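Next come the chains, spelled out residue by residue.
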Amino acid sequence: MKPFLSVENLTQRYPDGAGGELTVFEDATFGVEKGEFVVILGHSGCGKSTIMNILAGLSDPTSGVVIMDGTEVKGPSLDRGVVFQNYSLLPWLSTLKNVTFGVSARHPEWSKAQVIEHSTKYLAMVGLEGDVIHRKPSQLSGGMRQRVSIARAFANHPKLLLLDEPFGALDALTRGTIQDELLKIWGGTEQTVFMITHDIDEAILLADRILLMTNGPYARVAESVEITIPRPRNRTEIIEHPNYYAIRNHLVTFLGKRSKEMAGQQTGEGSNRPTPVRIDKTEPEEPEQAPPALRAVNE
Amino acid sequence: MPISSLNFRAAILSLTLLIVGLLIWEAAIPAQKAVGELTEYELLTGGGQPKAGVPPPSQVIAKAWEQLSDPFYDAGPNDKGIGIQIGYSIYRVLVGYALAAIIAIPLGFLIGMSPLAYKALNPFIQVLRPISPLAWMPLALFVIQDSEASAIFVIFICSIWPMLINTAFGVAGVREDWVNVARTHELNPLKTAFTVILPAAAPTILTGMRISIGIAWLVIVAAEMLVGGTGIGYYVWNEWNNLDLTSVIFSILMIGVVGMGLDAALGFVQRAVSYAE
Ligand SMILES: Nc1ncnc2c1ncn2[C@@H]1O[C@H](COP(=O)(O)OP(=O)(O)OP(=O)(O)O)[C@@H](O)[C@H]1O
Ligand SMILES: [Mg+2]
């Protein structure tokens, strides 16, 4: 049984400008289950955005396939909503119209009033109500703009929501508030989310599972770390959970050291699926829970 | 308005410059000598002919008053009110300009969207664009056989280039992110063109349209001097042949005022479609 989203042997090469070829990543293979929140972490330039654009259908890989819900991804679709790092709001439309733009594309049969009602509801969910929704994006703060972009994506109920560093341009405080809002809306849906971030704490707060990428070229999705912290999570409380620092240390070590050591390393045929990692300090009775292969990787 | 405001001070300065300029002009024109005071030599050389010199501003203002109080009189082919003459010119400019826009904007879209169309059409544009619109006049008169239509054609050919080039430039420069928004919402090409690309490129397109209307208004005066009959260009030329310099100066001012009005109208539309990122 295939997972809801199945990425199989994805390879991306670009001409390197000197007549040769640059392989960004090769044979990336992983899956995402329905309703799962998956975050991908990796150093700048390892190919995260490239993967996301392929999942969105905005660009084609050199080889490999993406299968969602049994059908191959070919070109962009309303079933895959995207929140871009730079918000990508249309600056000549008001906040509300930016959302109705998406809603009426999704539901062409709806009446104008229905579209507006639905859009207003989703804007209210991200805390945008009243006069603000008639302002142009240029009159909003960065955080408000990103909220609009999130409302636009959620209002369409895509089967898969793709977020490319959605909070990258925001200050730490705003980032925190919007993370909470994202968790709140996501909690009420069965939305499958695939998100890119640079921020380890953000990843732990939001994700069910974190995919770790090694450095490029020849980057790989090396590990899949399960976040064994129960939901609902809350930024101030999760740091007290016994698993928090264990997971965090694992991620920091990976990004700080091992992503470099493993870079460009070929693991041989067929072993390109990420190694599953489960760290759980709340199960003290079974100290040898992690598979031996994993322990070797951990050292 | 506070006295210190920049606009207020600028208005005072403009007014002062105007008055000083007019006074210098008035003072610089020697008073017309009465015929009795002319020397024999002056009489022989025709120096005594009335109103052969540059008129003082007071005369121009009197003329303006006379003309503007009855702008639409029509007393035969060589004697029409300034309003009628300007009306003819505006009509030709708008027809030629509208035809140019109908062709330039869709074609500019195509060139902007398709690198192939850009490469294929660019050589033609580069050769045709620098041609003075008046150079087309003889060919237009010969082929079209109608002076009215030829004038419109000249306006058409001179206003098409800035609109075409700016549209292509604006469309090609639409941020890829916005196009991606359209793509992820599965908009069809027509819908993408109208709801994303057109609004995104509109400020650049309007800049081209504004340049075009300015050029068209410059060219119509010259074109009407050539084809004759009606229009403000013809009027200027006709008054020069009548040696009525007062009317010439008055119509020059009117050309300026109408040109300013046309530009302001497009400037208004340009502000309406512009957006801040
Ligand atoms: N169109 C392209 N042509 C050539 N090389 C490209 C192209 N797009 C991306 N690359 C290369 O692919 C690599 C991965 O780029 P990508 O944008 O996916 O990185 P990223 O992981 O998203 O980085 P960041 O975290 O900085 O956003 C980079 O080395 C980049 O130079
Ligand atoms: Mg990126």
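Small disclaimer: the values here were computed from a predicted structure and weren't measured.

## Focus on the overall build of chain A
Regarding its fold elements, chain A presents nine helices and 11 strands. On C-alpha atoms alone, chain A measures out to a radius of gyration of 20 Å, which is about the 19 Å that the 2.2 N^0.38 rule sets for 299 residues. With the C-alpha coordinates aligned to their principal axes, the bounding extent of chain A is approximately 60 × 50 × 40 Å. In chain A, which comprises 299 residues, the proportion classed as buried is 54%. Across chain A, the fraction of contacts at a sequence separation of at least 24, relative to all contacts at a separation of at least 6, is 71%.

## Remarks on the pattern of salt bridges
Overall, the coordinates contain 23 salt bridges over all chains when judged by the stated rule. For Glu223(A), the salt bridge identified is with Arg258(A), shortest N-O distance 2.4 Å. One end of the pair, Glu223(A), is in strand E10 (residues 221-226); the other, Arg258(A), is in helix H8 (residues 242-261), and 35 residues separate them in sequence. Under the relative-accessibility criterion, Glu223(A) is labelled buried at 1%. Lys63(B) serves as the salt-bridge partner of Asp244(B), at 3.6 Å between the closest nitrogen and oxygen. Of this pair, Asp244(B) sits in the loop between helix H10 (232-241) and helix H11 (245-273) while Lys63(B) sits in helix H3 (residues 57-69), and the two are 181 residues apart along the sequence.

## Let's talk about the domain arrangement of chain A
Residue and element names in this part refer to chain A. Domain annotation for chain A reports domain 1 (1-79 + 158-299) and domain 2 (93-157). The C-alpha-based centres of domain 1 and domain 2 are spaced at 28 Å. Taken together, the contact pairs 18 residues of domain 1 with 13 residues of domain 2. On the domain 1 side of the contact with domain 2, Leu 78, Pro 158 and Ile 185 bury the most area, a combined 38% of that side's loss. Where domain 1 meets domain 2, there are two salt bridges. Between Glu 181 and Arg 147 there is a salt bridge whose closest N-O contact spans 2.8 Å. When residues of the side of domain 1 that touches domain 2 are assigned to their parent elements, the largest contribution, eight residues, is made by helix H5 (residues 172-187).

## Re the interface of chain B and chain A
At the junction of the two partners, chain B supplies 16 residues and chain A supplies 19 residues. For the chain B and chain A pair, buried surface summed over both sides reaches about 1700 Å², with 67% attributable to carbon and sulfur atoms. On the chain B side of the contact with chain A, Arg183(B), Thr184(B) and His185(B) bury the most area, a combined 34% of that side's loss. Applying the counting criterion to the chain B and chain A interface returns zero salt bridges. On the surface where chain B and chain A come into contact, there are five residue pairs in polar contact (both at pLDDT 80 or more). Those elements giving two or more residues to the side of chain B that touches chain A turn out to be helix H8 (176-184) and helix H9 (189-227) of chain B.

## Overview of the sheet that holds strand E5 (residues 71-72) of chain A
All names here are of chain A. On the basis of which strands lie adjacent, the open sheet formed by four strands has the order E2-E1-E4-E5 and antiparallel pairing. What marks the edges here is a single partner per strand, and that holds for strand E2 (21-32) and E5. The pairing of strand E1 (residues 5-15) with E2 spans eight bridges and is antiparallel. In the strand pairing of E2, Ser 6 is matched with Gly 31. With respect to the sheet, helix H1 (residues 48-56) is in contact with E1, E2 and strand E4 (63-68), its orientation differing from that of E1 by roughly 120°.

## Thoughts on the packing of aromatic side chains
Here the structure, examined in full by the defined rule, presents eight aromatic pairs over all chains. Between Trp92(A) and Trp178(B) the ring centres are 5.5 Å apart and the planes differ by 90°, which places this aromatic pair in the edge-to-face class. Remark: Trp178(B) occurs in helix H8 and Trp92(A) occurs in the loop between strand E6 (80-83) and helix H2 (95-106); the pair is interchain, linking two chains. Of the two residues, Trp92(A) and Trp178(B), both sit in the buried class.

## As for empty space enclosed by the protein
In this structure the tally under the stated criterion is one cavity of 30 Å³ or more. If you go around the largest cavity, the residues you meet are Ser77(A), Leu78(A), Arg80(A), Gly81(A), Val82(A), Arg152(A), Ala153(A), Asn156(A), Pro158(A), Val181(B), Thr184(B) and His185(B). Counting residues per element, the ones that place at least two in the lining of the largest cavity are E6 and helix H4 (142-155) of chain A together with H8 of chain B. Sorting elements by how many residues they give to the lining of the largest cavity places E6(A) first, with three residues.

## As for the site of ligand 1
Residue and element names in this part refer to chain A. The immediate surroundings of ligand 1 are formed by Tyr 14, Val 24, His 43, Ser 44, Gly 45, Cys 46, Gly 47, Lys 48, Ser 49, Thr 50, Glu 165 and His 198. A distance of 2.5 Å is found between an oxygen atom of ligand 1 and a side-chain nitrogen or oxygen belonging to Ser 44. In the complex, 60% of the free accessible area of ligand 1, which totals 640 Å², lies under the protein chains. Among the elements that make up the shell around ligand 1, the one with the highest residue count is H1 (three residues). Grouping the amino acids of the shell around ligand 1 by side-chain chemistry returns three nonpolar, seven polar and two charged.

## Here's the deal with the pairing of E2(A)
With nine of its 12 residues buried, E2(A) lies for the most part within the structure. Adjacent in sequence and paired antiparallel, E1(A) and E2(A) are bridged by five residues, among which Gly17(A) carries a positive phi angle near 90°.

## Considerations on a nonpolar patch on the surface
Residue and element names in this part refer to chain B. Judged by side-chain polarity, Leu 99, Ile 102, Ile 103, Leu 107 and Leu 110 come together as a nonpolar surface patch covering roughly 430 Å² of accessible area. Of note, Ile 103 is situated in helix H4 (residues 82-113). Among the residues examined, Ile 103 registers a relative accessible area of 41% and is labelled partly exposed.

## Points about the environment of Arg233(A)
All names here are of chain A. Within the secondary structure layout, Arg 233 lies in the loop between E10 and helix H7 (235-238). On a C-alpha basis, the gap between Arg 233 and Leu 206 in space is 8.1 Å, while along the polypeptide they are 27 residues apart. When near neighbours in sequence (up to four residues on either side) are disregarded, Arg 233 contacts Leu 183, Ile 204, Leu 205, Leu 206, Ala 207, Asp 208, Ile 227 and Ile 238. One polar contact links the side chain of Arg 233 to the main-chain carbonyl oxygen of Ala 207, over a distance of 2.8 Å.

## A look at the pairing of strand E3 (residues 37-41) of chain A
Residues and elements named next belong to chain A. For E3, the tally of buried residues reaches five of five residues, placing the bulk of the element in the interior. The two faces of E3 match: Phe 37, Val 39 and Leu 41 on one face and Val 38 and Ile 40 on the other face are all buried. Both E3 and strand E8 (residues 192-197) contribute to a ladder of five bridges, which runs parallel. Bridge assignment links Val 39 to a residue of E8, and that residue is Met 195. Of the pairings in the sheet, the one linking E3 to strand E9 (residues 209-213) comprises four bridges and is parallel in character. Paired with Val 39 across the bridge in E9 is Ile 210.

Conventions adopted
Throughout, a residue's number is its position along its own chain's written sequence, starting from 1. Labels follow written order: the first chain is A, the first ligand is 1, and so on. In keeping with the model being predicted, local features are shown solely for residues with a pLDDT of at least 70 and side-chain atom pairs are shown and tallied solely at 80 or more, while totals for entire chains, interfaces and linings include all residues. Hydrogens and water molecules were not included; the side-chain quantities draw on all heavy atoms of the structure. Helix and strand definitions follow DSSP, with helices as H or I runs of at least four residues and strands as E runs of at least two, each counted in order from the N terminus. We compute the radius of gyration over the C-alpha atoms and compare it with the globule rule, which gives 2.2 Å times the number of residues raised to the power 0.38. The buried label applies to any residue whose accessible area, calculated with a 1.4 Å probe on protein chains only, is under 20% of its type's maximum; exposed applies above 50%, and partly exposed to all values in between. Two residues form a contact once any of their heavy atoms are found within 4.5 Å. Salt bridge, as used here, is a side-chain nitrogen of Lys or Arg placed within 4 Å of a carboxyl oxygen of Asp or Glu. For the domain bounds, the source is a domain assignment made automatically or taken from a database. Throughout, the accessible surface (probe 1.4 Å) given up by two parts as they are put together, summed over both, is called the buried area. Counting of polar contacts relies on pairs of N or O atoms within 3.5 Å, with two restrictions inside protein: one atom must be capable of donating a hydrogen and the other of accepting it, and residues adjacent in sequence are counted only when both atoms are side-chain atoms. Think of it this way: DSSP has to see at least two bridges between two strands before they count as a pair. Fitted lines through C-alpha atoms give the axes, limited to the stretch in contact for helices. The angle between two N-to-C directions lies from 0 to 180 degrees. Only the six-membered ring of Trp is used, alongside the rings of Phe and Tyr, when aromatic pairs are assigned; centres must lie within 6.5 Å, and planes under 30 degrees apart are stacked while those over 60 apart are edge-to-face, with the rest tilted. Each cavity reported here is a set of points on a 1 Å grid over the protein atoms alone in which a 1.4 Å probe fits but cannot get out, each pocket an open set with protein on both sides within 12 Å along at least five of seven lines, and each lining residue one with an atom within 4 Å of a point. Grid points are joined across faces, edges and corners, and a volume is the space filled by probe spheres set on the points. Being near a molecule or strand, for a residue, comes down to having at least one heavy atom within 4 Å of it. Working definition of accessibility: Shrake-Rupley area with a 1.4 Å probe, residue cover restricted to the visible protein chains. Residue polarity is assigned by list, with Asp, Glu, Lys and Arg as charged and Ala, Val, Leu, Ile, Met, Phe, Trp, Tyr, Cys and Pro as nonpolar; anything else, Gly included, falls into the polar class. Two joining distances apply to patches: 9 Å for like charges and 5 Å for nonpolar side chains (Val, Leu, Ile, Met, Phe, Trp, Tyr), and every residue must have over 30% relative accessible area and no salt bridge.

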